Amino acid sequence: MAAPSNDTEAQLRAATVGFDGIFANELEEARETFASGDSPFHSLGLGVCAFLEAALGMETTLMAEASRLLALAEAGAKKQLKLAKAFENTTQFPPGTEWELLQSDAVILLGLTHALSESYMGYLQCLYAMNTAHTKYSRLFKTVYPNGLEYYATPATSSANSRAASIRSEASGSSTPVSTSKPARSGFFSRFTGSTLSVPQTPHVPIIAQEGSVDELILSGTAFGYGLFNLVFSLLPAKIRGVVGFFGFNHDRKLALQALAVSAAKTDVHAVFAGLSLMTYHGVVLLLSGYQANEVHIMKQYGAIVDKLESRYPTGSLWILNRAKILRMSYDPDGAIKVLQDGLVPGRPHTFAQADGLLIFELAWTLLSQRRYQEAADAFIRVTEINSWSHATYYFIAAGCYISLKNYEKAQELMDRIPDLIDKKKIGGKDLPTEVFIKKKLAFYREKQVALTGSEDNFMHTVKISPAEELAIFWNTHSRITKDTAIAHLKDWATCLTPLPTIETALLKEHVPAPATPPPTSPADTADELAIRALLLGITHRTAGDFAGAHAFLADAQARQASIQVSTWVGGVAWFEHAVLDLKEMDARGAGSEAEWAPVLQGALAKLDKALELATQQVDLSSRLDSRIAMLKDEIALKKEMLSGAA
């Protein structure tokens, strides 16, 4: 019996118009397109719309709708998969492969939607979905790419000593061998499914598929799903990776990035999502890892993907966002601010509110990094008008901006609203990690005010270090700023607490001269504040290029850990930042030999181990530090490969 290939192709083309609408910020038009058809492609499109709104804006009211629509898409794809076995094959792959892929897409998105609830039942449902997706994507990958990915093109050719294996371009025909992947261990579920993540390495001619065809959907979608699955699990905190490893979830980050790059080189909807995944990953590594073994390569890959997608969807907020991130990471904050502001002008399409919210969020942080405090405060408050995620966090940061402006009354007004905001907005019946941090800080400020005045009234008058700048440490905001901005911070933080720092550095001597007369005696500030000051001064000295001063202040922050009462996160972060300092200082020296780098890399790993020891579950935002440590360890491993010539 002849297969209805024309119907499938037509359904795919029609649904693709809807996905184009999503990526161009025309969410309402996309919904109308998806609602006009009844194919599994259209059902998945409606589910993706709801999922993106729920995930990007943490809109809990949309999670149930996203789950419903994705379940319908899964059921539709499953039905088509059964029917496909009755028809002759019209693709280069086994009958029904496209429907198995679509079912896998729906399953993994459904699992992620369950996880957004942050409830125990949600996590269990997510784990079940992840196991199903793991099995399906592993089987699909071995079917579609039986000889691996070596000869498939990527958006930007890899250079020697790159973070991902070099890949032959289908157009150029040039190639560099791929390092072989070790077979993954079988896990609990894989004993029943027979799935592993081993990839044969026999060279072969890549499968060629026409743009917009079902074959391209299969090639791109399989690489995307397999790559995303591996990448997500490679980025989980170490403790969580240990748990899920029991269930057979193993990962290979290098292969994951390679698979996503192969998908991103295609033209179907998966290619766009693969590009978005890679952009997000590159942006996170550039922002949070602290040090990159090959930043030039990351920027090249990142830029190539943004160029491709921005040219295809010039009005899409997600690509505008990443263009701005590249500028910010390139130390061009003014350029980043302009791109973001241009992306928010009234004349552009603005029906995808959650994507616009990301632009405002990035703009707020970039303005904060440039000490444009009034504009930053306004932007953080504006974010609360776009999404419902943790308004308390945005108010807390905005209040910190007003502390930097010495507007204590406005800061107090915003802080006074935070307790009600926290009680009003809980996900899964519990406070978010940032809100746990905020509640501790509010209690700390009140206690200090009582100790000084006998009353909690106007407790923001006791704040000496902006809580916005303190929280910015976790977003690594102070590492991608100009030297002039770092020095401006240094002048503030070196003089805001009592006693003044006793550490002498070249930067302090030049920019913070000792007062001609001793300052008036005032009560000593707390051990917590002195430790946070030391950490901030260590980071800003490093950013400004005074490595000796950075070593001294970071060591001071580490030494103060035992006396800290509330901000117990300082010690772990200080050890992490010290490891980053060692690596950046070595880079600045221009040293290139393996022998010169070996003790530095070993010392950095030792510092990261100390940071991890201090990042217990009782420490605020410890999972964020855990993830940063994992990313930096990956960069160190890559640096070792580059030095040994193995990368």
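Residues numbered from 1 in each chain as written. Predicted model: local features only at pLDDT ≥ 70, side-chain atom pairs only at ≥ 80, totals over all residues. Heavy atoms only, no water.

(A) Spotlight on the overall build of the protein chain. Looking only at helices and strands, one finds 27 helices and 0 strands in the protein chain. Evaluated residue by residue, the protein chain yields a buried proportion of 56% over its 647 residues. Within the protein chain, residue pairs in contact and separated by at least 24 positions form 71% of the contacts whose partners lie at least 6 positions apart. Of the roughly 26,000 Å² of accessible surface on the protein chain, 56% is carried by carbon and sulfur atoms. (Helix = DSSP H or I, 4+ residues; strand = E, 2+ residues; numbered from the N terminus. Buried < 20%, exposed > 50% of the residue type's maximum accessible area, 1.4 Å probe, protein only. Contact = heavy atoms within 4.5 Å. Areas by Shrake-Rupley, 256 points an atom, 1.4 Å probe, with all protein chains shown as cover.)

(B) Molecular detail of the pattern of salt bridges. Tallied over the full model, the rule gives 28 salt bridges. With its nearest N and O atoms 2.5 Å apart, the salt bridge here joins R323 to D307. Of this pair, R323 sits in helix α13 (residues 317-329) while D307 sits in helix α12 (residues 295-312), placing them 16 residues apart in sequence. A salt bridge links K441 to E470, with the nearest nitrogen and oxygen atoms 3.0 Å apart. Of this pair, K441 sits in helix α19 (residues 433-453) while E470 sits in helix α20 (residues 467-472); the two residues are 29 residues apart in sequence, bridging distant segments of the chain. The buried category is assigned to K441, whose relative accessible area is 4%. Taken together, the shared-partner salt bridges in this structure form one network comprising K448, K464, D525 and E529. (Salt bridge = Lys/Arg side-chain N within 4 Å of Asp/Glu carboxyl O.)

(C) Focus on empty space enclosed by the protein. Overall, the coordinates contain 5 cavities of 30 Å³ or more when judged by the stated rule. Its boundaries defined by the atoms lining it, the second largest cavity holds a volume of some 70 Å³. Listed by contribution, the elements that provide at least two residues to the lining of the second largest cavity are α19 and α23 (527-544). (1 Å grid on protein atoms, 1.4 Å probe; cavity = no way out; pocket = protein on both sides within 12 Å on 5 of 7 lines; lining within 4 Å. Points joined across faces, edges and corners; volume = space filled by probe spheres on them.)

(D) The arrangement of the packing of aromatic side chains in detail. Considering all chains together, one arrives at 19 aromatic pairs under this definition. With a centroid separation of 4.9 Å and 65 degrees between ring planes, the pair formed by F19 and F34 is classed as edge-to-face. Residue F19 is located in helix α1 (residues 5-23), and its partner F34 is located in helix α2 (residues 27-35); the two are separated by 15 residues in the primary sequence. Centroid distance F41 to W99: 5.1 Å. Interplanar angle 35 degrees. Geometry classified as tilted. Of this pair, F41 sits in helix α3 (residues 40-57) while W99 sits in helix α5 (residues 97-116), placing them 58 residues apart in sequence. A single burial state applies to F41 and to W99, both of which are buried. (Phe/Tyr/Trp six-rings, centres within 6.5 Å; stacked < 30°, edge-to-face > 60°.)

(E) Structural context of the packing of helix α17 (residues 391-404) against helix α18 (residues 408-424). Interaxial distance between α17 and α18 falls to 8 Å at its minimum, and their mutual angle equals 165 degrees. Classified by the angle their axes make, α17 and α18 are roughly antiparallel. As α17 runs across α18, the sense of the crossing is left-handed. Taken together, the residues of α18 that come into contact with α17 (itself represented by H391, A392, Y395, F396, A398, A399, Y402 and I403) are Y408, K410, A411, L414, M415, R417, I418, L421 and I422. Among the residues making up the contact of α17 with α18, the classes are represented as 14 nonpolar, 1 polar and 2 charged. (Axes fitted to C-alpha atoms, helices over the stretch in contact; angles between N-to-C directions. Parallel < 35°, antiparallel > 145°, perpendicular 65-115°, else oblique. Left-handed = near helix turned anticlockwise from the far one by under 90°. Nonpolar A, V, L, I, M, F, W, Y, C, P; charged D, E, K, R; others polar.)

(F) Representation of the environment of L260 within the structure. Looking at where L260 falls in the secondary structure, it is placed in helix α10 (residues 253-264). By relative accessible area, which is 0% here, L260 ends up buried. When the C-alpha atoms of L260 and F224 are compared, they prove to be 5.1 Å apart, with 36 residues separating the residues in sequence. When residues no more than four places from it in sequence are discounted, the contact partners of L260 are A223, F224, G227, L228, L231, A274, S277 and L278.

(G) Representation of the nonpolar core. Counting 108 residues, the largest nonpolar core has L368, L535 and W569 as its most contacted members. Not counting chain neighbours up to four residues away, the residues in contact with L535 comprise I473, L554, A557, W569, V570, V573, A574 and E577. Membership of the second largest hydrophobic core comes to 86 residues, among which are A77, L110, M299 and M631. (Core = buried A, V, L, I, M, F, W, Y, C linked by side-chain atoms within 4.5 Å.)

(H) A look at helix α24 (residues 547-559). Over its 13 residues, α24 runs 18 Å from end to end, which matches the ideal 18 Å to within 8%, given 1.5 Å per residue. Among the residues making up α24, those that are buried are F547, G549, A550, F553, L554, A557 and Q558. Those residues of α24 that are buried lie in contact with α22 (506-511), α23 and α25 (570-589). (Expected span 1.5 Å × (residues − 1).)

(I) Structural view of the packing of helix α8 (residues 214-234) against helix α11 (residues 269-288). Two numbers describe how α8 lies on α11: the axes approach to 9 Å, and their chain directions differ by 25 degrees. Relative to α11, the element α8 lies roughly parallel. The way α8 lies across α11 gives a crossing that is left-handed. In this structure, α8 uses L217, S220, G221, F224, L228 and L231 to contact α11, whose residues at the interface are H270, A271, F273, A274, S277 and Y281. Partitioning the contact of α8 with α11 into residue classes produces 8 nonpolar, 4 polar and no charged.

(J) Quick peek at the side chain of T91. Following the sequence through the fold, T91 ends up in the loop between α4 (60-84) and α5. In this structure T91 comes out as buried when scored by relative accessible area, which is 14%. One polar contact links the side chain of T91 to the main-chain carbonyl oxygen of F93, over a distance of 3.1 Å. Setting aside chain neighbours within four positions, we find T91 in contact with E98, V214, D215 and I218. (Polar contact = N/O pair within 3.5 Å; in protein donor to acceptor, adjacent residues only side chain to side chain.)

(K) Quick peek at the confidence of the model for the protein chain. Scored by pLDDT, the protein chain comes out at a mean of 85, with 84% of its residues at no less than 70. Ignoring residues within four places in sequence, the model shows residues 158-202, a span with pLDDT below 50, making 100 contacts including any to other chains. (pLDDT = per-residue confidence, 0-100.)

(L) Molecular detail of unusual backbone geometry. Cis rather than trans, the peptide bond between T498 and P499 has omega equal to 0 degrees. Secondary-structure assignment places P499 in the loop between α21 (483-493) and α22. Positioned with a positive phi, K406 is a non-glycine residue whose angle comes to about 65 degrees. Relative to the assigned elements, K406 resides in the loop between α17 and α18. For K406, a relative accessible area of 58% translates into the label exposed. Despite not being glycine, N458 has its phi angle at roughly 55 degrees, a positive value. Looking at the secondary structure, you find N458 in the loop between α19 and α20.

(M) Molecular detail of the environment of T434. Its location among the elements puts T434 in helix α19. Once the C-alpha coordinates of T434 and L621 are considered, the two residues, 187 residues apart in sequence, prove to be 7.0 Å apart.

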